[in-house]
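Summary of the model geometry
In case you want the letters, here they are:
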Amino acid sequence: MRFLTLLLLLSSFGFSMVLPACAQRPGIHKTKAKKTAAKPAPTTAGPAFTFERTPCNGTCPGYKMAVYADGRVAYEGSRAVPMMGKKELQMPASAVAALLAQARQAHFEKFEKRYAGYTSDLPGTIIGMRQPDGSLKTVTVEEGAPDNVKSLFAVFGTQLDQLAQLNGLEK
């Protein structure tokens, strides 16, 4: 009788702790998996770069673009542009890669966040470039930028203004 009572007590209070691991039924004695902090991978889902022209009080065009590595372009025209509203555009992936290469050569990552003077009512150009850590570094140019910055912004502006159908429009 004592043996039966002991057996009942053991089974009700964790008989599985007494048995060796090989004799236990699966699922009775669960072990918690160790959690390891994984470093998040850089995001590649977002745009490779963004480009924006801000309007002035006159007829300066206002539009935004999010350009993806595969050539997809999410465009939104807001003021003084032939294409108003949101549109899906396309450019060759090789052209996107060439613009990204020029930005790397110009050391975009070392540019200041803003180049502006004291003049009011100037249109601005804003480029946001995806960094290796996945963040988007944004640089705004209104006036007073050094030549290397002006040069890179002119290359981007020429190609993207053409895509936005701004050929011949006053900027």
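Reference entry: report on the structure contained in this document. All figures in this text were calculated on a predicted structure; none of them were measured in a lab. (Residues numbered from 1 in each chain as written. Predicted model: local features only at pLDDT ≥ 70, side-chain atom pairs only at ≥ 80, totals over all residues. Heavy atoms only, no water.)

Evaluated as defined, the whole model comprises 1 disulfide. Covalently, Cys56 is tied to Cys60 through a disulfide, its sulfur atoms 2.0 Å apart. Taking the sign of the S-S torsion, 85° for the link of Cys56 and Cys60, the bridge is right-handed. Each member of the pair, Cys56 as well as Cys60, is classed as buried. (Disulfide = S-S within 2.5 Å. Buried < 20%, exposed > 50% of the residue type's maximum accessible area, 1.4 Å probe, protein only.)

This part is about the packing of aromatic side chains. Summed over all chains, the structure comprises 4 aromatic pairs. Grouped by ring-pair contacts, the aromatic residues Phe51, Tyr63 and Tyr75 constitute a single cluster. We note Arg72 situated over the ring of Tyr68; from NZ or CZ to the ring centre the distance is 4.2 Å. (Phe/Tyr/Trp six-rings, centres within 6.5 Å; stacked < 30°, edge-to-face > 60°. Lys NZ or Arg CZ within 6 Å of the ring centre and 35° of its normal.)

Here the phi dihedral of Ala80 falls at roughly 55°; this positive angle occurs in a residue that is not glycine. The residue Ala80 is located in the loop between β3 (72-79) and β4 (85-90) in this model. Here His107, not a glycine, exhibits a phi torsion of approximately 60°, which is positive. As for its placement among the helices and strands, His107 is situated in the loop between α3 (93-105) and β5 (114-115). (Helix = DSSP H or I, 4+ residues; strand = E, 2+ residues; numbered from the N terminus.)

Turning our attention to the side chain of Thr140. Tracing the sequence through the fold places Thr140 in strand β7 (residues 136-141). Contact partners of Thr140, with chain neighbours within four places excluded, come to Lys113, Arg114, Tyr115, Thr125 and Ile126. (Contact = heavy atoms within 4.5 Å.)

On to the sheet that holds strand β1 (residues 49-54), then. Overall, mixed pairing links the 7 strands, which are arranged β4-β3-β2-β1-β6-β7-β5 in an open sheet. Every interior strand has two partners, whereas the edge strands, β4 and β5, have only one. In the packing of α3 onto the sheet, contacts are made with β1, β2 (62-67) and β6 (124-130), and the angle to β1 comes to roughly 85°. Across the sheet, helix α4 (residues 147-163) is in contact with β1, β2, β3, β4, β5, β6 and β7; its angle to β1 comes to roughly 85°. (Pairing = 2+ DSSP bridges. Axes fitted to C-alpha atoms, helices over the stretch in contact; angles between N-to-C directions.)

Considering all chains together, one arrives at 3 salt bridges under this definition. Between Arg72 and Asp70 there is a salt bridge, with the nearest N and O atoms lying 2.9 Å from each other. Taking the relative accessible area as the measure of exposure, Arg72 reaches 37% and is therefore partly exposed. Residue classification places Asp70 among the partly exposed positions, given a relative accessible area of 43%. (Salt bridge = Lys/Arg side-chain N within 4 Å of Asp/Glu carboxyl O.)

Quick look at the pairing of β7 now. In terms of strand pairing, β5 meets β7 through 2 bridges, oriented parallel. By the bridge assignment, Arg114 is partnered in β7 with Thr140. Judged from the 6 bridges that link them, β6 and β7 form a sheet pairing that is antiparallel. The residue bridging Arg130 from the neighbouring strand is Leu136, located in β7. Joining the antiparallel neighbours β6 and β7 is a turn of 5 residues, in which Gly134 adopts a positive phi near 95°.

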